[in-house]
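Structural characterization, general
As a plain string of letters, each chain reads:
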Amino acid sequence: MNTSASPGGDGTVAGEHPTPVAVPAVIPAQDTLSPSVPSRAPADPSRAPVLPFRTPAAGARRPTAAAAPVAATSTTIPAVTIPAVTIPAVTIPAVTIPAVTIPAVTIPAVTIPAVTIPAVTTQAVTTPAVTSSAATTPAAASAVAGTSGGASRPGRLVVATALRFEAMAAGRSGLPSDTIMIRTGMGPDKARQAARVVREARPDAVAIVGLSGGLAPGVKPGHIVVAQEVRSSDGTVTPCASAPLLAGDLRRLGFTVHIGPIITVPRVAHGSERTRLAATGAIAVDMESAPIAEGSGDVPFAAVRVIVDTMDEPLGRLDLVRRGVRGLLTMSRLGTPLAAWAAAVGRRTVLLAEPRAFCAGVERAIEVVERALDLHGAPVYVRKQIVHNSHVVADLAARGAVFVEELDEVPAGATVVFSAHGVAPAVWDQADGRELSVIDATCPLVEKVHAEARRFTARGDTVLLIGHAGHEEVDGTLGESPGRIQLVQSPAEVADLEVGDPERVTYLMQTTLALDEASEIVDALRERFPAIVGPGSADICYATSNRQSAVRKVAQEAQLVLVVGSANSANSVRLVEVSNRDGVSSHLVENVGDVRLSWLAGVETVGISAGASAPPALVEELTAALSGLGPTDVTVRSVGQESISFHLPKELRRVAGNSSPAPLSRPAASRATS
């Protein structure tokens, strides 16, 4: 709820019976289990209230609430006596059943729209396919409680709101039909009472939604805050680990979403109090989230708040109503992502592929830029991305690295770093012409392929380079001998190749290819050119092949594989392709926010890997977010550990007592003749 008397304040007091919201969401009438403000009157065991659960349509995995009425089909009740049963306020179209004994009656199509049976004892009744829209019996309550023998079922979602208009907006947002909505009333004391109702609903997931105030400078009215943690005024902190996953689904709907701490206070915060709260690091403030979070126990919890007031646009302004209406309209679109979040809740196993993430060549390239910044100061220019990962590039840019596409963007005489993917001799010549101080971060394994290209073309061979057009590594290798090296991207292209001498043909490979993909092309080349020879040792680098073997091992057990890496990272893309070829649903994600919650619904085993240019921290963030969806067992599937390391370029090796870098000698790559 908002920390102000926002539009839709309900003024609910103890003992009031709120009006139910129309389906699909259910706002129960006030009683000892489902109050707007929970009643303090002692419960009468003989009149125990019933939570508003409903049974699902045929084919659902478990009973759900508020399903649309479904007609019963071909139900036979043979020789059943139901003594002294009163069914108040029941209308059964065209059928009247008084208190009689029915020995063998078939009712082929009866719709029972809204029947409550508080206590019925039946003897020898068989009902193989009866569905009612809102009938609740002790047996039904047991089924709703989840005692289904361990069968997979959707998570039961409880949604708490503070105010009546918030509840109405959330109730029309497309929440699951079995969602239990609880209106808490305004303030932490009422929320604390409502937390008891939340617990007694035995939820699988709990979310609190509503309007609130923003604290951080970048948080504006109309933005959404998803709590990374919820803080109470007494210092209690409830983590919300799955926040990045929920925030990702919200962002894909076009919302501006912030992730951070939400703090709950006992009264409306103004002026200096807001300044004090902002200084704690909280980015939003409300009056209900903390008690609901604490009362939810160990089930996954989410707090989603729509901002309506900030320090720049405070309470009391005439446009507050407009901001409140806008906030309620935003709330009316939260149902789909909340439903996906609830469906993803459950126990699961996470299998981590090993090795994964950074390889030695990537670590070396990143350190080259860091050392260059230490020695020369900012700015240090980098041609292309130092490695193909947006997080690495952003981090280095924040430290003073400037990334450019071509050398003509670099001021004459400046320091420039060549990326790990290598460059053609022509780029070296251009750097000489502009008198640039060059530091070469080319991966030694890429440099190996360059050296082979120079050697094979120098002896008169036609070199066939297996790789992907447009990749920087391929462009650099092709540039070693323009016209003497041909690119081959698939087996289908082999038939159209033309070479000067079929007896003098050599093949090389891009270092980040998939092993299967490369083998198919090599087989096609050998069939076309029986005399063809390859490199003395494999061109596909150890890091690429190791990660592919590891992800394949994970794919043998996983229902879903997530590969962390950027879309322009060839080795990351290959990991996804390898998993998909093994028949496992696989996705490339830049970070945890790219994971769609719909991928996780019903998935009990998730495999995780990361491309050689992806930071290990991204895998840790993804694993932590998954753990926020329920109990998570994390285990490793390893094909071995890597211990390879590469020396830094000699111009970055400090000489004792001298911090100036030595002049860079141009590598043999630039001295080759074409």
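Residues numbered from 1 in each chain as written. Predicted model: local features only at pLDDT ≥ 70, side-chain atom pairs only at ≥ 80, totals over all residues. Heavy atoms only, no water.

**A word on the overall build of the chain**
Test applied: A run of H or I in DSSP counts as a helix once it spans at least four residues, and a run of E counts as a strand once it spans at least two, with each numbered from the N terminus. Exposed residues in this analysis have more than 50% of their type's maximum accessible area, buried residues have under 20%, and partly exposed residues fall in between, with area computed by a 1.4 Å probe over protein chains only. A contact between two residues is defined here by any heavy atoms of the two lying within 4.5 Å. Each accessible area value is a Shrake-Rupley result obtained with a 1.4 Å probe; residue values ignore everything except the protein chains displayed when judging cover.
Summing up its helical and strand segments, the chain has 18 helices and 22 strands in all. The buried share among the 674 residues of the chain stands at 51%. Sequence separation of at least 24 residues holds for 75% of the intrachain contacts in the chain that already meet a minimum separation of 6. Summed over all atoms, the accessible surface of the chain reaches about 28,700 Å², with 54% contributed by carbon and sulfur.

**A few points about the packing of helix α15 (residues 542-555) against helix α16 (residues 570-581)**
The cut-off we apply is this: Axis definition: a line fit to C-alpha positions, over the contact stretch in the case of helices; interaxial angles, taken between N-to-C directions, run 0 to 180 degrees. Should an angle fall under 35 degrees it is taken as roughly parallel, and over 145 as roughly antiparallel, whereas 65 to 115 is taken as roughly perpendicular and any remaining angle as oblique. Take the far helix as your reference; a near helix turned counterclockwise from it by less than a right angle gives a left-handed crossing, and one turned clockwise gives a right-handed crossing. Residues were grouped as follows: Ala, Val, Leu, Ile, Met, Phe, Trp, Tyr, Cys and Pro as nonpolar; Asp, Glu, Lys and Arg as charged; and all remaining residues, including Gly, as polar.
Contact pair α15 / α16: the axes reach a minimum separation of 9 Å and the direction vectors enclose 30°. For the element pair α15 / α16, the angle class is roughly parallel. Between α15 and α16 the crossing geometry is right-handed. Contact residues: α15 offers T544, R547, Q548, V551 and R552, while α16 offers N571, R574, L575, V578 and S579. Tallied by class, the residues present in the contact of α15 with α16 amount to three nonpolar, four polar and three charged.

**A look at helix α9 (residues 360-376)**
Note the cut-off: Multiply 1.5 Å by the residue count of a helix minus one, and that product is the helix's expected span.
Here α9 spans 24 Å end to end across 17 residues, near enough to the 24 Å set by a 1.5 Å rise per residue. For α9, the complete set of buried residues consists of A360, G361, V362, R364, A365, I366, V368, V369, A372 and L373. The first or second residue beyond α9 is G377, which carries a positive phi of 80°.

**Examining α15**
Between its first and last C-alpha, α15 extends 20 Å over 14 residues, near the 20 Å set by a 1.5 Å rise per residue. Among the 14 residues that make up α15, 10 are buried, leaving the element largely enclosed by the rest of the structure.

**What about unusual backbone geometry?**
Look at the link from E354 to P355: it is a cis peptide, with omega at 5°. Looking at the element boundaries, P355 is found in the loop between β11 (348-354) and α9. The omega angle of the peptide bond from A378 to P379 is 0°, so this bond is cis rather than trans. One non-glycine residue with positive phi stands out, namely K384, at about 65°.

**Section: the pattern of salt bridges**
As a reminder, the rule being used: Any Lys or Arg side-chain nitrogen found within 4 Å of a carboxyl oxygen on Asp or Glu counts as a salt bridge.
Summed over the entire model, instances satisfying the criterion amount to 27 salt bridges. Between R305 and D286 there is a salt bridge; the shortest N-O distance is 2.9 Å. Note that R305 is positioned in strand β10 (residues 301-309) and D286 in strand β9 (residues 284-286), a separation of 19 residues in sequence. Here E452 and K448 are joined by a salt bridge, their closest N and O atoms 2.8 Å apart. Of the two residues, E452 and K448 are both situated in helix α12 (residues 444-458); the distance of four residues between them amounts to about one turn of the helix. By relative accessible area, which is 22% here, K448 ends up partly exposed.

**Observations concerning the sheet that holds strand β12 (residues 380-383)**
Put simply, the rule is: For two strands to count as paired, DSSP must find a minimum of two bridges between them.
Here we have four strands laid out as an open sheet, ordered β13-β12-β14-β15, and parallel in their pairing. Because the sheet does not close on itself, it has two edges, and the strands there are β13 (401-404) and β15 (437-440). Averaged over all pairs of adjacent strands, the angle between their axes in this sheet comes to 30°, without regard to strand direction. Pairing of β12 with strand β14 (residues 415-418), which is carried by three bridges, proceeds in the parallel orientation. Paired with R383 across the two strands is F418, which belongs to β14.

**Examining the side chain of H223**
Rules: Residues adjacent in sequence count toward polar contacts only when both atoms are side-chain atoms; beyond that, a polar contact is any pair of N or O atoms within 3.5 Å, and within protein one must be able to donate a hydrogen and the other to accept it.
With respect to the helices and strands, the residue H223 is situated in the loop between β5 (205-214) and β6 (224-231). For H223, the side chain forms a polar contact with the side chain of H258, separated by 2.9 Å. If we ignore the near neighbours within four places in the chain, the residues touching H223 are G218, T256, H258, R305, V306 and I307.

**Quick word on a nonpolar patch on the surface**
As a reminder, the rule being used: Exposure above 30% relative accessible area and the lack of any salt bridge qualify a residue for a patch; like charges then connect within 9 Å, and the nonpolar side chains Val, Leu, Ile, Met, Phe, Trp and Tyr within 5 Å.
Taken together, the side chains of V321, V325 and L329 define a hydrophobic patch exposed on the protein surface, amounting to about 280 Å² of accessible area. Examined against the element boundaries, V321 turns out to sit in helix α7 (residues 320-331).

**Brief notes about the pairing of β15**
Residues in a regular strand project their side chains so that they alternate between the two faces of the sheet. Where we set the bar: Think of it like this: strands point away, you trace from the first strand over the helix to the second, and a clockwise trace means the crossover is right-handed.
Both β14 and β15 contribute to a ladder of four bridges, which runs parallel. Its bridge partner being in β15, T415 is matched across the sheet by S437. One crossover worth recording links β14 to the parallel β15 by way of helix α11 (residues 425-433), and it is right-handed.

**Remarks on the environment of R251**
Tracing the sequence through the fold places R251 in helix α4 (residues 243-251). On the accessibility criterion, R251 (39% relative accessible area) is partly exposed. Residues R251 and I224 lie 27 residues apart in sequence; the distance between their C-alpha atoms is 9.4 Å. Residues in contact with R251, not counting those within four places in the same chain, are V257 and I259.

**With respect to the confidence of the model for the chain**
Convention followed: The pLDDT value expresses, per residue, how confident the predictor is, ranging between 0 and 100.
On average, residues of the chain carry a pLDDT of 80, and 74% of them reach 70 or more. In the predicted structure, residues 1-87 sits below a pLDDT of 50 and forms 227 contacts with residues beyond four places in sequence or in another chain. In this model, residues 659-674 is a region of pLDDT below 50 whose contacts with residues beyond four sequence positions or in other chains number 29 contacts.

**Quick notes on the sheet that holds β11**
Taken together, five strands build an open sheet; the order of strands is β20-β19-β21-β11-β22 and the sheet is parallel. Looking at which strands have only one partner, the edges of the open sheet turn out to be β20 (585-589) and β22 (632-638). Neighbour to neighbour, the strand axes of the sheet diverge by 25° on average, direction disregarded. Here strand β19 (residues 560-564) runs beside strand β21 (residues 605-610); their pairing, made up of five bridges, is parallel. Considered in β21, the bridge of V564 is made with A610. Together, β19, β20 and β21 form the strand contacts of α16, whose direction differs from that of β20 by roughly 170°.

**Details of the packing of α9 against helix α10 (residues 390-399)**
One can describe the packing of α9 onto α10 by two numbers: an axis separation of 11 Å at closest approach and a directional angle of 5°. With respect to each other, α9 and α10 are oriented roughly parallel. Judged by residue contacts, I366, V369, E370 and L373 of α9 engage V392, L396 and R399 from α10. Here the residues of the contact of α9 with α10 sort into five nonpolar, no polar and two charged.

**Thoughts on the side chain of T462**
Looking at the secondary structure, you find T462 in strand β16 (residues 462-466). Look at T462 and you get buried, because its relative accessible area is 15%. Discounting chain neighbours no more than four positions away, the residues touching T462 are R484, Q486, V499, G500, R504, V505 and T506.

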